[in-house]
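Observations on the model geometry
Residue strings, one per chain:
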Amino acid sequence: MANNKDMGFLTIKHSSKMADILDKDVFILPLLYHFGIDLGFGEASVEDVCLKYGIKPELFITMCRVYALKGYVPDCSAFDKDDLGTVSRYIHQSHVYYLNEALPELDRQFAEVLGCYEEVHRKVLSKFYSDYRTEVDKHFEYEEKTVLPYIGKLLAGDTDGAYSIADFEDNHSDIEENLYDLRNIIVKYLPGDAPYRMRYGLLTDIIRFGNELDKHTFIENRILVPIALKIEKNG
Ligand SMILES: [Fe+2]
Ligand SMILES: [Fe+2]
């Protein structure tokens with residue numbers, strides 16, 4: 001049975017107050033941030049805010065539900081080219097945030113924690129983290145250099161058949177898993193040489209980043225791909 005928060009998100013309307021939605025679940029904040037939606041909503045409704053930022057309310061509400069509801073399955077059947085452009089914008093802006101803000105901050109915290117350990121632990125952890133960073137960089141680079149430009153061409157009706165969204169669907173790797181392993185190493189095995197406040201800060205950011213990536217990947221797989229497939233098929 002749906003709890004109160006879930007019911008709140010399932011019944012969001014175009015006329016719902018934006019501030020109330022954020023109040024129901026503050027974890028939708030990254031969604032607003034990646035869309036560049038500034039705070040200070042006052043009494044503005046979802047529709048008012050979406051209109052201002054060029055997002056269709058129905059798509060925005062669906063994305064809010066993805067962020068707030070576990071196991072939510074979005075229905076993308078009514079979404080069109082405009083929505084694909086909007087989702088693509090969200091994905092690009094998320095990458096910019098991960099690459100320019102979240103990951104450099106994780107790098108900084110990780111280096112700080114590593115500095116407290118003897119060489120033997122430092123080497124193992126450092127290798128694990130740098131392998132992870134390489135994997136994440138490659139993942140975002142592929143999406144930025146291949147997938148999103150393809151979406152741009154699809155929207156312009158300018159595809160050449162050499163690439164299709166099924167290629168992305170087939171090869172879309174899971175970058176949350178290694179982050180989860182890193183989190184487990186810190187929780188289970190990392191000796192307490194680094195002060196707890198440092199390990200706490202790092203772990204909190206890893207968990208936050210992992211949760212964010214989880215939603216981001218879900219939106220790529222379950223919203224971007226279905227709309228792109230539909231447009232490939234029907235134009
Ligand atoms: Fe991505
Ligand atoms: Fe991805």
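Structure: above.
Scope of this entry: the structure provided in the associated data block. Along each chain, residues carry numbers from 1 onward, in the same order as the chain's sequence is written. Chain letters and ligand numbers both follow the written order, the letters beginning at A and the numbers at 1. Local features in this predicted model are restricted to residues of pLDDT 70 or higher, and side-chain atom pairs are both shown and tallied only at a pLDDT of 80 or more, whereas totals for entire chains, interfaces and linings draw on every residue. As a rule here, side-chain values cover all heavy atoms of the structure and leave hydrogens and water aside.

This next bit is on the overall build of the protein. The number of helices and strands found in the protein is 10 helices and zero strands. Sequence-ordered secondary structure for the protein, helices as α and strands as β, is α-α-α-α-α-α-α-α-α-α. Per-residue burial over the protein gives 43% buried out of 235 residues. Looking at the protein alone, contacts between residues at least 24 apart form 76% of all its contacts between residues at least 6 apart. Total accessible area on the protein stands at roughly 12500 Å², and carbon and sulfur atoms take up 53% of it. Placing the 27 positive and 40 negative side-chain charges of the protein at their respective mean positions leaves the two points 3 Å apart. Numbering goes from the N terminus for both helices and strands, where a helix is a DSSP run of H or I of at least four residues and a strand is a run of E of at least two. Think of it in three bands: residues with accessible area under 20% of the maximum for their type are buried, residues over 50% are exposed, and the middle band is partly exposed, with areas taken using a 1.4 Å probe on protein chains only. Here a residue-residue contact requires only that any non-hydrogen atoms of the pair lie within 4.5 Å. Surface exposure here means Shrake-Rupley accessible area, sampled with a 1.4 Å probe, where a residue is shielded only by the protein chains that are shown. None of His or the chain ends enter the tally, which takes Lys and Arg as positive and Asp and Glu as negative. Charge coordinates come from a single atom per side chain, which is NZ of Lys, CZ of Arg, CG of Asp or CD of Glu.

With that out of the way, let us pick up the pattern of salt bridges. Note on definitions: salt bridges are taken to be side-chain nitrogens of Lys or Arg within 4 Å of carboxyl oxygens of Asp or Glu. Taken as a whole and judged by the stated rule, the model has eight salt bridges. With a closest N to O distance of 3.3 Å, Lys-56 and Asp-83 form a salt bridge. Note that Lys-56 is positioned in the loop between helix H4 (46-53) and helix H5 (57-68) and Asp-83 in helix H6 (residues 81-114), a separation of 27 residues in sequence. Taking the relative accessible area as the measure of exposure, Lys-56 reaches 31% and is therefore partly exposed.

Turning to the nonpolar core, a few remarks are in order. Throughout this description, the term nonpolar core refers to a set of buried Ala, Val, Leu, Ile, Met, Phe, Trp, Tyr and Cys residues connected via side-chain atoms within 4.5 Å. Counting residues in hydrophobic clusters, the biggest one holds 47 residues, and the most contacted among them are Phe-60 and Ile-223. Counting only elements with at least two residues in this core, the list comes to helix H2 (18-24), helix H3 (29-34), H4, H5, H6, helix H7 (119-156), helix H8 (165-171) and helix H10 (196-234). The domain limits used here are those given by an automatic or database domain assignment. Looking at which domains feed residues into this core, each of domain 1 (4-68) and domain 2 (81-234) supplies at least three. Look past the residues within four positions of Ile-223 in its chain and what remains in contact with it is Leu-59, Thr-62, Met-63, Val-66, Pro-74, Cys-76, Val-87 and Phe-218. Counting 26 residues, the second-largest nonpolar core is a separate cluster that includes Leu-125, Ile-186, Leu-202 and Phe-209.

Moving on, we come to the coordination of the iron ion (ligand 1). Under ideal tetrahedral coordination, the four donors around a metal are separated by 109.5 degrees; under ideal octahedral coordination, the six donors are separated by 90 or 180 degrees. Note that water is not among the atoms used; donors are N, O and S atoms within 2.8 Å of the metal (3.2 Å for Na, K and Ca), so sites may look incomplete. All of the protein donors around the iron ion (ligand 1) are His-95 (NE2), Glu-143 (OE), His-216 (NE2) and Glu-220 (OE); their distances to the metal are 1.9 to 2.2 Å. Site shape is set this way: if four donors have all angles between 85 and 135 degrees, tetrahedral; if opposite donors are over 155 degrees apart and all others between 65 and 115, square planar for four donors and octahedral for six; otherwise irregular. Geometry at the iron ion (ligand 1) is irregular, judged from the four donor atoms that bind it and their angles of 84 to 174° at the metal. Sequence spacing of the donors to the iron ion (ligand 1): H-x47-E-x72-H-x3-E. In this structure, the iron ion (ligand 1) lies 3.3 Å away from the iron ion (ligand 2), the two metals sharing Glu-143 as a donor. Placement of the pair is His-95 in helix H6 and Glu-143 in helix H7, with a sequence separation of 48 residues. Each member of the pair His-95 and Glu-143 is classed as buried.

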